[in-house]
Amino acid sequence: MQEKQRQVCDLLEITNRQFNECNALYHAVAQRYGLSDAAFWTLYALVTSCEPLTQNRIATDWGIPKQTLNSAVAAMVKKGLVELCPGNGAHSGKIVTLTDEGRALAARTVEPVIAAEQQAMTRQGLAEVEQNCRLTQRYLECLRQEFEKIVR
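Just so it is clear, the structure is predicted and the values come from calculations on it, not from any experiment.

Engineer: When you look at the nonpolar core in this model, what are you seeing that I'm missing?
Structural biologist: Soluble globular proteins: nonpolar side chains tend toward being buried together. Membership of the largest hydrophobic core comes to 28 residues, with the highest contact counts inside it found for Leu35, Phe40, Leu43, Leu46, Ile58 and Val82. Secondary-structure elements contributing two or more residues to this core are helix H1 (2-32), helix H2 (37-48), helix H3 (55-62), helix H4 (66-78), strand E3 (94-98), helix H5 (100-108) and helix H6 (110-124). Tallying contributions element by element places H2 first for this core, with eight residues. The contacts of Leu43, once residues within four sequence positions are left out, are Leu35, Met76, Leu98, Gly102, Leu105, Ala106, Thr109 and Val110.

Engineer: What should I look at first to understand the packing of aromatic side chains in this one?
Structural biologist: The relative placement of two aromatic rings is captured by the distance of their centres and the angle of their planes. The full count for this structure, using the stated rule, is seven aromatic pairs. Aromatic pair Tyr26 and Phe40: ring centres 6.4 Å apart, planes at 45°, arrangement tilted. Placement of Tyr26 in helix H1 and of Phe40 in helix H2 is noted, with a sequence separation of 14 residues between them. On the basis of relative accessible area, Phe40 is assigned to the buried category, the value being 0%. Through pairs of rings, three or more aromatic residues link up here, namely Tyr26, Phe40, Trp41, Tyr44 and Trp62.

Engineer: It is not clear to me how the pairing of E3 should be interpreted in this structure. Could you clarify?
Structural biologist: Both faces of the sheet carry side chains from a regular strand, because those side chains alternate between them. With two bridges connecting them, strand E1 (residues 53-54) and E3 associate as antiparallel partners. Bridged to Thr54 within E3 is Ile95. Bridge count for strand E2 (residues 82-86) against E3 is five bridges, and the pairing is antiparallel. Looking at E3, one finds that Val82 is bridged to Leu98.

Engineer: Help me understand H2, please; the structure alone is not making it clear to me.
Structural biologist: Given 3.6 residues to a turn, an α-helix orients residues that are three or four positions apart in the same direction. Compared with the 16 Å implied by 1.5 Å per residue over twelve residues, the 16 Å span of H2 between its first and last C-alpha is a close match. Across the twelve residues of H2, nine count as buried, placing the element largely inside the fold. What H2 keeps buried is the set Ala38, Ala39, Phe40, Trp41, Thr42, Leu43, Tyr44, Ala45 and Leu46.

Engineer: Explain H6 to me, please; I cannot follow it from the model alone.
Structural biologist: Relative to the 21 Å expected for 15 residues at 1.5 Å per residue, H6 spans 21 Å between its end C-alpha atoms, a close match to the ideal helical length. Among all positions of H6, only Val110, Val113, Ile114 and Glu117 are buried. All buried residues of H6 lie within an arc of 100° about the axis, which places them on one face of the element. In H6, the exposed residues that point more than 90 degrees away from the buried face are Gln119, Thr122 and Arg123. Among the structural elements, H1, H2 and H5 are those in contact with the buried residues of H6. Positive phi appears at Gly125, one or two residues downstream of H6, with a value of about 110°.

So, how was this worked out
Residues numbered from 1 in each chain as written. Predicted model: local features only at pLDDT ≥ 70, side-chain atom pairs only at ≥ 80, totals over all residues. Heavy atoms only, no water. Core = buried A, V, L, I, M, F, W, Y, C linked by side-chain atoms within 4.5 Å. Buried < 20%, exposed > 50% of the residue type's maximum accessible area, 1.4 Å probe, protein only. Helix = DSSP H or I, 4+ residues; strand = E, 2+ residues; numbered from the N terminus. Contact = heavy atoms within 4.5 Å. Phe/Tyr/Trp six-rings, centres within 6.5 Å; stacked < 30°, edge-to-face > 60°. Pairing = 2+ DSSP bridges. Expected span 1.5 Å × (residues − 1). Arc of directions from axis to C-beta.

This is the structure:
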């Protein structure tokens, strides 16, 4: 039993280091482009989405605290990178849309990152990437369930 516990501890350390290293890679690239993490992920979400996005939706989908996202969007509005447009319906929230200047910034920042990600996935092999996605999602589901137990 002690051996299994040691293995769990070792794998947990590796997994958390990998998650943190991944976050650090994106943070470094955002900084290199002079963007906050929230601004970078907002641009990323807007570039990759096939549908209009509200601030709430971006915050929820990308795991960004609402206040952090709202501050980033407000700064981006001030710089002329995004606009807030009324959504459809009374409670839909405002739709965040890229301005021409925002699209140009995304083309210089987010789009090269997406191209690098695609290249990395192709190099790794799509079958492995798909398997990793399934396994990571399963781990996140299990982790969420365990965290729910400790916060009750």
